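Results of the structural survey
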Amino acid sequence: MIRKDFVELKHLYEDGKMFFFEEQLSRYTIQEIIEFSQYFSLNVQNKDEYYNVKMIAEIMYNLIIRTGNYCVIEIMEYAKNVIGRCMALSVDREAWKDVKKYSMFLLNYVTDANEICELQGCLSLAYFYLGNYEKELELRKMLLDHDDYLSLYNYALALFHNRKYEDARVYYKNCLEKFQFPPAYRNQAQISIILEDNYEEAYLLVKKATDVYLNNPNKFNIIGINTYVEHQLFLCGVCSSDMLFKELGLHKKKYENEIKNDKDAEKNTYYLKLISICCDLNRAIRYFEEMDYSKSFKLLNPIVNDVEREVIVFNSKSIFEESLKKITKVYIILIKIIQSLNLIFSDAMIEVNIDEKICKIDILRNEILSSEDNDFIYEYKKVISLFLKYIKFLLKYLFKGDNNEILTLYDYIERLRIKKSNYLLSTFMQCLYKLGTIYKAYEYDSKECYFIDELRKKSVDKIKLVCSEFSGKIREIATSVSVLQNDAICTEDTFCKLVTKAIRHIKNNVPSYVRNFKSNDITALHEEDFRDTLAVFFSSIYSVSSEEWKKEGRTDLIVNTNKNDRRVVEFKIWGRNDYKEVVGQIVERYLNQFDESGFIFMINSQKRSIKDKYLENIKNGKTSYVLNSLQIKSTGSIEYFVTRHRTEFNEYKIYHFIYNIFD
């Protein structure tokens, strides 16, 4: 007689719900595992090799961890082969949790030294992508071979991920003494910028990497020559070095001559356009450092459009182009902040047109909040926004006697200080605390002061000093945005690609609950089924939790992309219950002050499109929608939407995905 739970377990496998399949299988006794393996047949609807191999691998895995070394040799050898194959497929699918699980298992049973090294290498890679850089470094240290340049390189890279830059530099140098490996030169360049802010040395290191590559391009064909050339030009553009500005001129002459000689006109024209952009950015940064903000702004303003035009014309989109846009936008915002603060506090009689000055602060703050998170360092954006709000409320208190708003904000910032939140990583917070001191001093002194105008003037002078200090700190941001990140951080764009990948997976491997609904209108869809399916998908990569109580509401799915970051996903079925309040729910209930964004997975069970109605709903006044913030994006054939929504103290970017059942 076939057990009912065996049938259910097989259905979990067929629906691709491997996380729940593994959970249930792990509860079976040895005898039950053997019985289930006898019942199971590979004649299933899912034809993906990964799922077939993983099915057998999970049975073998659970059987062996219960029997240990008591398994017969034939079974053990078969199990190692199957689990090894499953681990290799997991690497291809970037299912890093599975890579970690299976490699750790195999390390208990493999004896061959080369196989052990290979498994430890895979495990180190898994730890890197899972954000556990300490474990990555621990394994790379175990694998370190001082006579092997790749081993030295990988150890240096692990040191780099752990921010041990001085040590990383030593091992990159040792690597290069063994073999001139271009990536080692490029990473050395990163360290030169991080430790010494030395763009000239960084440029020379990348130039050396380029020369090594050109001497033997077939040996280093993983990264093409374009990456090396663009990296050189990028470094020349993101600093104010006169030497590197001259280098841009030399590059320009080189590519102009190549065009004259009919050598790859399209590629060289692209380089010339990129050189022009980098020249403007280099000079703009020089003017910024000299505090000639008008000249700097004039050069910066066209750059973003120029870069976007190059991407369209030449069908190119590299990390360097994206970074050029990001850096340019940061400088533009920084200039606007500095100039606006200078303008607001330049009057000797600041009380004149105080309402107009408060309005200017509001305009500036809204512009900062509307800037894309990918283009502006999120932590700084939050603190700068709070600083401007504090200035606004402080001026209203000094000149209008309104202290309701500033009292609420003062308490909020004090709570941030007490909680030791990650805001304190920013030195900008010190300026906020100084504004709080000014507020409290004025509140106390004004109670018994007969010369209130004089007291107000002294308070304004103190605010000016804090603003001047704040502007100085803003200039320091500029040096921190030019470093290319090597960490395996799950950015919002990366997470969006994973969500679209999950949608494609559901379309290619239709779950039973969707099949049943499409064939029988009586069968109801449930949000938790879709939540569980995505939980399974993400659980092979990250740590996942669901149905967590948060504040006064409950969130559907939390994907912890590393120990310091998470992605919150809300699931709704269009037309059900409170589907129209989905944006308000995720913004007001589930996201906290440290979240940057939220994700909505809307299920359309109708046979017609809901796109227009959905967009109309998310832009209505009840959702705190930021005007004109809607962006329509796509990955492959899957379209998704991005909007911004504002609460009292925060602004969030919300990503919207619609899964159409009948597509």
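Starting afresh in each chain, residues are numbered from 1 along the sequence in its written order. Two thresholds apply to this predicted model, a pLDDT of at least 70 for residue-level local features and 80 or more for giving and counting side-chain atom pairs, whereas whole-chain, interface and lining totals are computed over all residues. Hydrogens and water are ignored here; the side-chain numbers use all heavy atoms of the structure.

In the annotation of an unreviewed UniProt entry, the entry for the protein reads Tetratricopeptide repeat protein, and the organism field reads Acetobacterium paludosum.

**Points about the overall build of the protein**
Test applied: A helix here means a DSSP run of H or I that spans at least four residues, while a strand means a run of E at least two residues long, and both kinds are numbered starting from the N terminus. Contact definition: two residues touch when any of their heavy atoms are within 4.5 Å. Working definition of accessibility: Shrake-Rupley area with a 1.4 Å probe, residue cover restricted to the visible protein chains.
When helices and strands are tallied, the protein shows 28 helices and 7 strands. Here the contacts in the protein between residues at least 6 apart in sequence split such that 64% fall between residues at least 24 apart. With an accessible surface of roughly 31,700 Å², the protein has 49% of that area assigned to carbon and sulfur atoms.

**A few points about the nonpolar core**
Inside soluble globular proteins, nonpolar side chains tend to come together where they are buried. Test applied: Within this scheme, the nonpolar core is defined by two criteria: the residues are buried Ala, Val, Leu, Ile, Met, Phe, Trp, Tyr or Cys, and they are joined through side-chain atoms within 4.5 Å. Partly exposed describes any residue whose relative accessible area lies between the buried limit of under 20% and the exposed limit of over 50%, with all areas from a 1.4 Å probe on protein chains only and scaled to the type maximum.
Among the nonpolar cores identified, the biggest contains 109 residues, and Tyr172, Phe345, Phe387, Tyr390, Ile391, Leu435 and Ile463 are the most heavily contacted of them. Broken down by element, this core gets its largest block of residues, 13 residues, from helix α18 (residues 319–344). Formed by 70 residues, the second largest nonpolar core is a distinct cluster that contains Leu130, Ile503, Tyr542 and Val569.

**Structural notes on the environment of Val53**
Tracing the backbone through its elements, the reader meets Val53 in helix α4 (residues 49–67). Judged by relative accessible area, which is 13%, Val53 ranks as buried. Residues Val53 and Gly84 lie 31 residues apart in sequence; the distance between their C-alpha atoms is 9.9 Å. Residue contacts for Val53: discarding those within four places in its chain leaves Val82, Arg85, Cys86 and Leu89.

**Some thoughts on the packing of aromatic side chains**
The following threshold applies: Ring geometry is summarised as follows: Phe, Tyr and Trp rings, the Trp one being its six-membered ring, pair when their centres sit within 6.5 Å, and such pairs are stacked at plane angles under 30 degrees, edge-to-face over 60 and tilted between the two.
Enumeration over the complete set of coordinates arrives at 32 aromatic pairs. Seen from their ring centres, Tyr61 and Tyr102 are 6.3 Å apart, and the 80° between their planes marks the pair as edge-to-face. A residue pair is termed long-range when its members are at least 10 positions apart, and Tyr61 in helix α4 and Tyr102 in helix α6 (residues 96–106) qualify at 41 residues. Here Tyr61 matches Tyr102 in class, with each residue buried. Look at Tyr255 and Tyr271: their rings are 4.9 Å apart centre to centre, the planes differ by 50°, and that puts the pair in the tilted class. Here Tyr255, found in helix α14 (residues 242–260), pairs with Tyr271, found in helix α15 (residues 265–289); they are 16 residues apart in sequence, far enough to count as distant.

**Concerning the packing of helix α24 (residues 492–508) against helix α26 (residues 527–539)**
To keep things clear, this is the line we draw: Helix axes use the C-alpha atoms of the stretch in contact, all axes being lines fitted to C-alpha atoms, and the angles between their N-to-C directions lie in the range 0 to 180 degrees. Reported orientations rely on four angle classes, namely roughly parallel under 35 degrees, roughly antiparallel over 145, roughly perpendicular from 65 to 115, and oblique for the rest. Left-handed describes a crossing whose near helix is turned anticlockwise from the far helix by less than a right angle; the clockwise case is right-handed. Lys, Arg, Asp and Glu make up the charged group, whereas Ala, Val, Leu, Ile, Met, Phe, Trp, Tyr, Cys and Pro make up the nonpolar group; the residues left over, Gly among them, are polar.
Two elements in contact, α24 and α26, have axes whose closest approach is 10 Å; the angle formed by their N-to-C orientations is 120°. Compared by their axis directions, α24 and α26 come out oblique. As for how α24 packs across α26, the hand of that crossing is right-handed. Residues Phe495, Leu498, Val499, Lys501, Ala502 and Ile506 of α24 lie in contact with α26, whose contacting residues are Thr533, Leu534, Phe537 and Phe538. Tallied by class, residues from the contact of α24 with α26 come to 8 nonpolar, 1 polar and 1 charged.

**Structural notes on the pattern of salt bridges**
What counts is decided by this rule: By definition, a salt bridge exists where a carboxyl oxygen of Asp or Glu is found within 4 Å of a side-chain nitrogen of Lys or Arg.
Here the structure, examined in full by the defined rule, presents 17 salt bridges. Across the pair Asp147 and Lys178 runs a salt bridge whose closest N-O atoms are separated by 3.6 Å. You can see Asp147 sitting in the loop between α8 (133–143) and α9 (149–161) and its partner Lys178 sitting in helix α10 (residues 165–178), a full 31 residues away along the chain. Lys396 is the partner of Glu405 in a salt bridge, and the nearest nitrogen-oxygen pair spans 2.9 Å. What makes Glu405 partly exposed here is its relative accessible area of 31%. With relative accessibility at 17%, the residue Lys396 sits in the buried group.

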